[in-house]
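# Notes for the structure review
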Amino acid sequence: MDITKQQDNEQAALWNGRGGRAWVDAQESLDQLFAPFENLLADEARAASAHRVLDVGCGTGATTLAIAQVLGAAGHCVGADISEPMIAAARARAERACAPASFICGDVQRHAFEPASFDLIVSRFGVMFFDSPVQAFANLRHAASDGAALRAIAWRSPADNPFMTTAERAAAPLLPNLPVRRPGAPGQFSFADRDRVVSILEESGWAGIDIRPIDVECTLPEKALHGYLTRLGPVGLVLQDADERTRAQVTEAMRAAFEPYVHGSEVRFTAACWMIGARAPFASDTHEEAARA
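About the thresholds
- Residues numbered from 1 in each chain as written.
- Predicted model: local features only at pLDDT ≥ 70, side-chain atom pairs only at ≥ 80, totals over all residues.
- Heavy atoms only, no water.
- Helix = DSSP H or I, 4+ residues; strand = E, 2+ residues; numbered from the N terminus.
- Buried < 20%, exposed > 50% of the residue type's maximum accessible area, 1.4 Å probe, protein only.
- Contact = heavy atoms within 4.5 Å.
- Expected span 1.5 Å × (residues − 1).
- Polar contact = N/O pair within 3.5 Å; in protein donor to acceptor, adjacent residues only side chain to side chain.
- Pairing = 2+ DSSP bridges.
- Core = buried A, V, L, I, M, F, W, Y, C linked by side-chain atoms within 4.5 Å.

### Notes on the environment of A45
Structurally, A45 is set in helix α4 (residues 35–48). Residue class for A45 comes out buried when judged on its relative accessible area of 1%. Taking the C-alpha atoms as reference, A45 lies 9.4 Å from A149; in sequence the two are 104 residues apart. Look past the residues within four positions of A45 in its chain and what remains in contact with it is A50, I67, V70 and L120.

In C-alpha cells, the structure reads:
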C-alpha cells in the first residue's frame with residue numbers, strides 16, 4: 001500500500017472509530033473550548049455577505065450552525081466531514097435547531113462537489129488532516145465560485161502551543177508506545193509551516209493568499225479536564241487500551257502537568273493559530289496571467 005493511501009485509511013479509521021466517538025461524547029466541552037474560533041468564522045461569513053458556505057472538517061457542526069444562523073433563510077451552510085459519528089451528531093443538532101444547514105459525510109479531497117457552488121469556504125481546525133493537501137485544496141477551488149473567499153484556522157507549531165502538547169510530554173515516560181508526531185504528516189500541526197501552506201494554496205490554484213498569526217484565549221471547565229485528557233488526542237487514544245494501573249499513573253502525571261493552566265473552576269490557555277485567507281481567482285485573472293506568460 002502506498003503511503004498516501006495508508007495515511008488516508010489511518011485518518012478515516014481514526015475519525016470513524018474511537019477518535020470520532022470521543023469527540024461526539026465531548027461535544028459540549030469542545031464547543032465551549034473552541035467557541036472563539038467559531039465566532040471568528042461566523043464574523044467572516046457576515047463580512048463577506050455570503051449566501052452559500054462550505055464548512056470543511058465540520059465535526060459535530062457547531063461552526064456550521066453558527067454560520068447558518070448568520071446566513072438566515074436567504075442562505076445555506078453545508079458542513080463536510082469524513083467522520084460518520086460526528087456527522088450524525090451534527091445532523092441531529094441541525095434538525096433540533098431547524099437551521100438552514102446540511103451535512104456531507106465524505107472525503108473533501110475527493111468529493112464530487114458541484115462546480116462553483118460556494119461563495120465562502122471556511123474551516124475550524126479541519127484542513128490539517130488531508131493526506132494530499134494540494135488535491136484537497138484544488139477540489140475546494142473547483143467547488144468555489146469565482147472570487148469566493150477561503151478562511152481557515154489551523155494551529156501554528158507545537159512550540160507555540162505548549163498546552164496542546166502538555167499531555168504528551170507528561171505521559172511519554174509512562175507510555176513507551178505513545179506515537180511520535182511526524183512533522184508535515186496529517187495531524188494537528190501539519191500546517192505549522194507558513195511557507196508550506198502558501199505553497200499548497202498556490203499549487204492548488206488559490207490567489208490573494210494572506211496568512212497571519214492569531215492568538216486566541218480559550219477556556220475549558222475544570223470539571224471537563226479529566227475527560228479531555230483521558231479520551232482525546234494521542235494520549236487519550238493510547239489510554240483506552242492501557243491497564244487500570246497505567247491509566248491511573250498517566251492521568252495523575254497529566255493532571256499535575258496541567259496545574260499551571262487551572263484557575264479555579266476554569267482551565268485557560270492561549271491558542272496560537274494561523275488565520276489562512278485566500279480567494280478563488282476570476283477567469284479574467286487566469287487569462288491575464290496566461291497573456292503575461
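### A look at α4
For α4, which comprises 14 residues, the first-to-last C-alpha distance of 20 Å matches the rise-based estimate of 20 Å (1.5 Å per residue) to within 8%. Residues of α4 that are buried sit in contact with α5 (62–71), β4 (118–124), β5 (144–155), β6 (207–221) and β8 (266–279). Where α4 terminates, the next one or two residues include S49, which has phi positive at roughly 50°.

### Side note on the environment of A170
Mapping A170 onto the fold places it in helix α8 (residues 162–171). Separated by 131 residues in sequence, A170 and N39 place their C-alpha atoms 32 Å apart. A170 has contacts with A253, M254 and A257, leaving out every residue within four places of it along the chain.

### Structural notes on the side chain of S123
Residue position: S123 is located in strand β4. S123 gets classed as buried once you look at its relative accessible area, which sits at 1%. At a separation of 3.0 Å, a polar atom in the side chain of S123 contacts the main-chain amide nitrogen of G126. When near neighbours in sequence (up to four residues on either side) are disregarded, S123 contacts L41, D55, V56, R151, A152 and I153.

### What about the pairing of β8?
Across the 14 residues of β8, 10 count as buried, placing the element largely inside the fold. In the sheet, β5 pairs with β8 via 7 bridges, with the strands oriented antiparallel. The residue of β8 that forms the bridge with A152 is I276. Across 13 bridges, β6 lies against β8 in antiparallel orientation. Among the inter-strand pairings, L220 is bridged to a residue of β8, identified as V267. Sheet analysis places strand β7 (residues 262–263) next to β8, joined by 2 bridges and oriented antiparallel. If you follow H263 over to β8, its bridge partner there is E266.

### Observations regarding the nonpolar core
F37, F137 and W206 are the most contacted members of the largest nonpolar core, which totals 89 residues. With residues up to four places along the chain from it excluded, the contact list for W206 reads I121, F137, L140, R141, A144, A148, L150, L201, A278, R279, A280 and P281.

Taken by themselves, the reported measurements are silent on function.
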